[in-house]
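Overview (structure and organization)
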Amino acid sequence: MDNGLTISDRDGTLNLLIRIGRNWAILFLLLEVGFFSLTGTGYFSLRNFQNILVASTTVMLLATGQTFVIITGGIDLSVGFIVGFSGVICAKTMVGLDAAGVPQFLSIPIGIAVALIFGFVPGLVNGLLVAKLRVPAFIATFGMYGVAYGVAEIISGNVPVHNLPPAVGFIGNGYLLYYLPGRSSLFRLPPNLSPEELKQVVGLIPNVVMIALLLILVFAFVLAKTRFGQHTYAIGGNMEAAKRAGINVSRHLIKIYMISSFFAASAGIIYVMKFVTGRADAGSARMLDAVSAVVIGGASLFGGTGSIVGTVIGALIVACLEIGLVNLAIPTFNLYIAVGAILIFAVLVDQFFPEITYKK
Amino acid sequence: MDPILEIRNLTKKFGGLTAVDDFNMHLSAGEVLGLLGDNGAGKSTVIKMISGVYPPTKGQIFFQGKEIKIQNPMDALNMGIETIYQDLALAENLNVYSNIFLGREKLKKYLGLFNILDHDYMLAESKTVLKGLDIEIPSLRNKIAMLSGGQRQAVAISRSIYWDAKLLIMDEPTAALGVAEQQKVLDLVRTLKTQNVPVIIISHQMHDVFSVADRLVVMRRGKKVGERIVKETNPDEVVGLIVGSVEG
């Protein structure tokens, strides 16, 4: 080797297989969309694809936070019920302020802020348990799963929280752009529409999708480009090495679990905005989807690998499947079987072909 | 010559167990010191105290003429005390230059607002340091998982040198390596010596230690039991010190 610093040639076929293996998720997504487009009715349409994006926001948000946790070699099982926990806090705060006569331009942001602040608490506790008290992440967050649910039920009084300020649903179900040739407008319908025109208006980019994507983009940047992201990978690759390199691993882990909790809280707030109600069990079924999305997206449950782009693809696979099953009138409980099976498949690939995830 | 490192009465107790007992040692610039002893003799505990992993129960450490208190690994690194552990302490999922800069990443401004990793700078600097030590690694963008044991050891050593090690501690640097790679690592230790970096080397391989060290310190059951100049001793005598059949 005369120049010691060039990439050595490797077996071409093996490289190709590894490349396919690493990108199987995106291929799978394309096949899936192709399959449902051919078999379903109206699946291949702008309206349906926007529905898929809306349906995937909860999973995308949970999975983005979960990606950070899984890269460090941990897992956060509490996120599903943190959605309900913060959603109920958000809804209760808004309803309370509304009843006290506070105008909704104040009660809504205050409700969101309160939910976000309280949303950090389960993550802080998870982080302290895992990082400082050495409780296995699986157990600490599984315990928090129960605690968050119970507290949410207490706060909500065991009934869904209704009577939210009207603007909540307006924001949660609105679009960034309402398109009507010559009369488009931002955030609200163009004024004075005839019933005929009203039918022709196309909503583009749902608000909830836009908010979720903004949050996800910011954290994708943090993970891929910053020192914080680099340390996240280092901790997952070799925690001892990270400590010896002077990284404050416990503090970092606490932040990681707080990020996961923050995303769950955001998902809870978005749920409230979308469904105009706060429910303690709002996100309970989404934890499996979120973990699956991360693993399908190429993260290893052993830690050290993963990316937000992969996770988003994973979340889209789950959402396309969900909407596709609905479209074909197949009962959605089949989704759990499919997602569970894909999760196990992804982990098996990771376990038996580590070079797929490990080598760059 | 004044010693770079001087250790006085260093003691470490873990509950009722005394791992290191009233240990004294010194080291000068450009000197390679072999720290020897059987399993459990206390060698690793001594270096963990010098590198900030364990706080000493008692005793003093002087470095470059001043007494130092090392609370954690970062303190030691900031003083220029670099340790290469037998389990390597590299993140296998990160590439070569990221490991050289691990914990001390070089940042640059992005859009004048955010600090992001400066990959180009870290890559270029890493190439320079590896070249200076005659280390060949196919691509510094390769993850550590793809490298051989010897290459990993070389990366760990380069990291220390890049960060201007004033003292390099190596714990079993050749333990996991094949014969050819062991030689490369030992050559690297000789290179460091010519660059006047003092090295403490812990090894079970008597041959390795005799081929690179200037002086040997032998421990048994937490105590220093002997000290020899390499040129004035032989492996048999040193083995005798280790097992206790020769008196210090």
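Residues numbered from 1 in each chain as written. Chains lettered and ligands numbered in written order. Predicted model: local features only at pLDDT ≥ 70, side-chain atom pairs only at ≥ 80, totals over all residues. Heavy atoms only, no water.

This next bit is on the overall build of chain B. Of regular secondary structure, chain B possesses 8 helices and 12 strands. The C-alpha radius of gyration computed for chain B amounts to 19 Å, which stays within 12% of the reference 18 Å derived for 248 residues, consistent with globular compactness. Counting only C-alpha atoms, chain B reaches 65 × 40 × 35 Å along its principal axes. Taking all contacts inside chain B whose residues are at least 6 apart in sequence as the whole, residues at least 24 apart take part in 63%. As presented, chain B carries roughly 10,700 Å² of accessible surface, and 49% of it is formed by carbon and sulfur atoms. Charge-centre separation for chain B: the mean point of 29 positive side chains lies 4 Å from the mean point of 29 negative side chains. (Helix = DSSP H or I, 4+ residues; strand = E, 2+ residues; numbered from the N terminus. Rg over C-alpha atoms; globule rule 2.2 N^0.38 Å. Contact = heavy atoms within 4.5 Å. Areas by Shrake-Rupley, 256 points an atom, 1.4 Å probe, with all protein chains shown as cover. Lys, Arg positive; Asp, Glu negative; His and termini not counted. Charge placed at Lys NZ, Arg CZ, Asp CG, Glu CD.)

All chains considered together, the criterion is met by 19 salt bridges over all chains. Ionic pairing is found between R286 of chain A and E322 of chain A, a salt bridge with its closest N-O pair at 3.2 Å. Of this pair, R286 of chain A sits in helix α13 (residues 286-296) while E322 of chain A sits in helix α14 (residues 308-327), and the two are 36 residues apart along the sequence. Across the pair, exposure class does not vary: R286 of chain A and E322 of chain A are buried alike. Each of E31, R215, K224 and E227 of chain B takes part in a single network of salt bridges with overlapping partners. (Salt bridge = Lys/Arg side-chain N within 4 Å of Asp/Glu carboxyl O. Buried < 20%, exposed > 50% of the residue type's maximum accessible area, 1.4 Å probe, protein only.)

What follows concerns the pairing of strand β10 (residues 199-202) of chain B. Residues and elements named next belong to chain B. Of the two faces of β10, both are covered, the one formed by V199 and I201 as well as the one formed by I200 and I202. Two strands pair when backbone bridges link them, and strand β3 (residues 32-37) and β10 are joined in this way by 4 bridges, in the parallel orientation. From the neighbouring strand, L35 faces β10, where its bridge partner is I202. The pairing of strand β9 (residues 167-171) with β10 spans 4 bridges and is classified as parallel. In the strand pairing of β10, I169 is matched with I200. Of the crossover connections in this fold, the one passing from β9 over helix α6 (residues 179-194) to the parallel β10 is right-handed. (Pairing = 2+ DSSP bridges. Right-handed = clockwise from strand over helix to strand, strands pointing away.)

Attention shifts here to the environment of G42 of chain A. All names here are of chain A. Tracing the backbone shows G42 in the loop between α2 (24-39) and α3 (46-71). The sequence separation of G42 and N327 amounts to 285 residues, and the corresponding C-alpha distance is 8.3 Å. Excluding anything up to four places from it in sequence, G42 contacts N48 and N327.

Right, let's get into α3 of chain A. All names here are of chain A. The sharpest bend along α3 measures roughly 45° and falls at S56. Burial runs high along α3: 20 of the 26 residues are buried. Within two residues after α3, G73 carries a phi angle of roughly 90°, on the positive side. (Bend = angle between axes of the 7 residues up to and from the residue.)

A few words on the nonpolar core. Nonpolar side chains tend toward joint burial in soluble globular proteins. Residue and element names in this part refer to chain A. Counting residues in hydrophobic clusters, the biggest one holds 98 residues, and the most contacted among them are L61, F68 and F263. A per-element tally of this core places helix α12 (residues 249-275) first, with 14 residues. For F68, the residues in contact, after removing those within four places along its chain, are F219, V222, L223, F228, T232, I256, I259 and I308. (Core = buried A, V, L, I, M, F, W, Y, C linked by side-chain atoms within 4.5 Å.)

Given 3.6 residues per turn, any residue in an α-helix points the same way as the ones three and four places further on. Residue and element names in this part refer to chain A. Taking 1.5 Å as the rise per residue, helix α6 (residues 137-156) with 20 residues should run 28 Å; its terminal C-alpha atoms sit 28 Å apart, in good agreement. Residues A137, A140, T141, M144, A148, A152, E153 and S156 constitute the buried set of α6. Where α6 is buried, its residues contact α4 (79-99), α5 (104-132) and α12. (Expected span 1.5 Å × (residues − 1).)

All names here are of chain A. There is a patch of nonpolar side chains on the surface, built from I117, F118, V121 and V125 and spanning about 340 Å² of accessible area. Within the element layout of this structure, I117 appears in helix α5. Classification of I117 as exposed rests on a relative accessible area of 57%. (Patch = residues over 30% accessible without salt bridge, like charges linked within 9 Å, V, L, I, M, F, W, Y side chains within 5 Å.)

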